[in-house]
Amino acid sequence: SSTARTGLWLFIYRVLMSSCSECSGIWLCFTDPGVERGFLSSRRNKLASKVFQAIGLAFVYLSLTILLVFIGGDSSTSGNMFKDTDEGGQLGELRNIVIFTMMGLVALLGLTVAKCSLSAAGLEVCVMCFACLLFTFLVLEHPWYLAKLSGIHDPWAHVEWQSISNDNLLMLHLDIGVTGIHLMMPIRWMKLWPASVIAVLCYVVPAIGLGSHLPGVCVILNAVLLTLLVIMASLGKRMVEMYERRAYAQVAAERTMRAEAEFKLSQCQQSTASTTPPRSEKDDMSSSASISLPDTLHSACL
């Protein structure tokens with residue numbers, strides 16, 4: 001009956017919405033694994049497209065950085081980032097290697113996405129791993145921390161003061177990476193938190209562990225500001241994904257209702273066809289005779 005069909009549709013809709021209500025939990029995931037796989041697979045092609053766009057932007061930025069190193073300044077000092085000393089030249093070469101390695105990682109990510117038939121979940125993990133590696137290389141690209149990691153106790157003797165007047169450039173790079181993967185990449189929020197944590201640690205750990213050239217108060221203030229930026233990006237991503245999941249649940253419920261309605265309609269048509277008795281030849285002949293009777297009488301009268 002129509003009441004039973006309506007009850008079935010409402011039951012399916014409530015199941016989907018109840019699974020979506022679980023998205024308010026900490027991991028923002030559907031309770032039904034099938035619904036979660038469907039939601040994930042529906043975003044796979046879009047994620048691959050956004051990855052290629054991000055790779056193009058990264059190549060443009062790294063190419064400009066290389067041009068500044070080799071054209072805008074002395075390549076041996078990595079674009080006048082280091083002083084013209086023996087140790088400064090070695091540090092400049094190391095920084096150039098880091099920049100080319102970052103470009104190689106970006107190219108490797110593009111080849112991995114293009115050549116490997118990764119699933120949606122595998123693509124998410126792959127992008128997050130490469131993002132964390134790039135965050136680490138951003139620390140190595142910073143002249144002060146590169147000198148510290150190279151074992152130089154007095155980086156001021158080999159590093160140009162203008163290149164490390166503050167840590168704003170490193171923090172800006174990390175914030176661009178975090179904002180890009182949160183706003184540009186359709187990656188589930190539950191897979192994004194490791195990159196957010198690593199982005200903050202990539203500044204806090206070197207600044208505290210290796211020692212920053214800034215006062216301790218400035219380091220703490222920078223760490224707090226970077227943490228707030230990451231938290232706001234994460235909360236914004238979480239809110240957007242909640243709306244996306246609810247929209248997906250509603251569309252899935254409507255498609256389920258439509259499929260159920262079409263199935264019930266086909267069953268009704270089949271049952272109606274099976275209960276209708278077949279027409280015999282005598283019935284066909286009598287019906288044809290009754291139809292032609294007026295014409296025959298009219299011609300007889302003539």
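Here is what the cut-offs are and how they apply
Residues numbered from 1 in each chain as written. Predicted model: local features only at pLDDT ≥ 70, side-chain atom pairs only at ≥ 80, totals over all residues. Heavy atoms only, no water. Phe/Tyr/Trp six-rings, centres within 6.5 Å; stacked < 30°, edge-to-face > 60°. Buried < 20%, exposed > 50% of the residue type's maximum accessible area, 1.4 Å probe, protein only. Helix = DSSP H or I, 4+ residues; strand = E, 2+ residues; numbered from the N terminus. Lys NZ or Arg CZ within 6 Å of the ring centre and 35° of its normal. Contact = heavy atoms within 4.5 Å. Patch = residues over 30% accessible without salt bridge, like charges linked within 9 Å, V, L, I, M, F, W, Y side chains within 5 Å. Areas by Shrake-Rupley, 256 points an atom, 1.4 Å probe, with all protein chains shown as cover. Salt bridge = Lys/Arg side-chain N within 4 Å of Asp/Glu carboxyl O. Expected span 1.5 Å × (residues − 1).

Q: Explanation requested: the packing of aromatic side chains in the structure shown.
A: A ring pair, where both rings are aromatic, is described by two values, the distance of the centres and the angle of the planes. Going through the model one piece at a time under the given rule, you end up with four aromatic pairs. On the numbers, 5.8 Å between centres and 75° between planes, the contact of Phe30 with Phe39 is edge-to-face. Both residues of the pair, Phe30 and Phe39, belong to the buried class. Between Phe39 and Tyr248, the ring centres sit 5.6 Å apart and the planes meet at 70°, which makes this aromatic pair edge-to-face. Remark: Tyr248 occurs in helix H9 (residues 216–275) and Phe39 occurs in helix H2 (residues 33–41); sequence separation between them is 209 residues. Residue Phe39 is classed as buried on the basis of its relative accessible area of 2%. Counting every residue linked through ring pairs, the aromatic cluster contains Phe30, Phe39 and Tyr248. The residue whose ring lies beneath Arg238 is Trp189, and the NZ or CZ to ring-centre distance is 4.8 Å.

Q: What's the story with the side chain of Glu124 in this structure? I'm lost.
A: Within the fold, Glu124 resides in helix H5 (residues 120–141). Among the residues examined, Glu124 registers a relative accessible area of 1% and is labelled buried. Contacts of Glu124, omitting those with residues within four sequence positions, involve Leu40, Leu47, Pro186, Ile187, Arg188 and Lys191.

Q: Honestly, a nonpolar patch on the surface in this entry has me stumped. Any pointers?
A: Where nonpolar side chains cluster on the molecular surface, the patch consists of Ile220, Leu221, Val224, Leu225, Leu228, Leu229, Ile231, Met232 and Leu235 and spans about 850 Å² of accessible area. A residue is classified by how much of its surface remains accessible, and Ile220, at 56% relative accessible area, is exposed.

Q: I'm lost on helix H7 (residues 168–183) in this one. Help?
A: Every α-helical turn comprises 3.6 residues, leaving residues that sit three or four positions apart pointing alike. When the terminal C-alpha atoms of H7 are compared, their 22 Å separation across 16 residues agrees well with the 22 Å that a helix rising 1.5 Å per residue should span. What H7 keeps buried is the set Leu170, Met171, His173, Leu174, Asp175, Gly177, Val178, Ile181 and His182.

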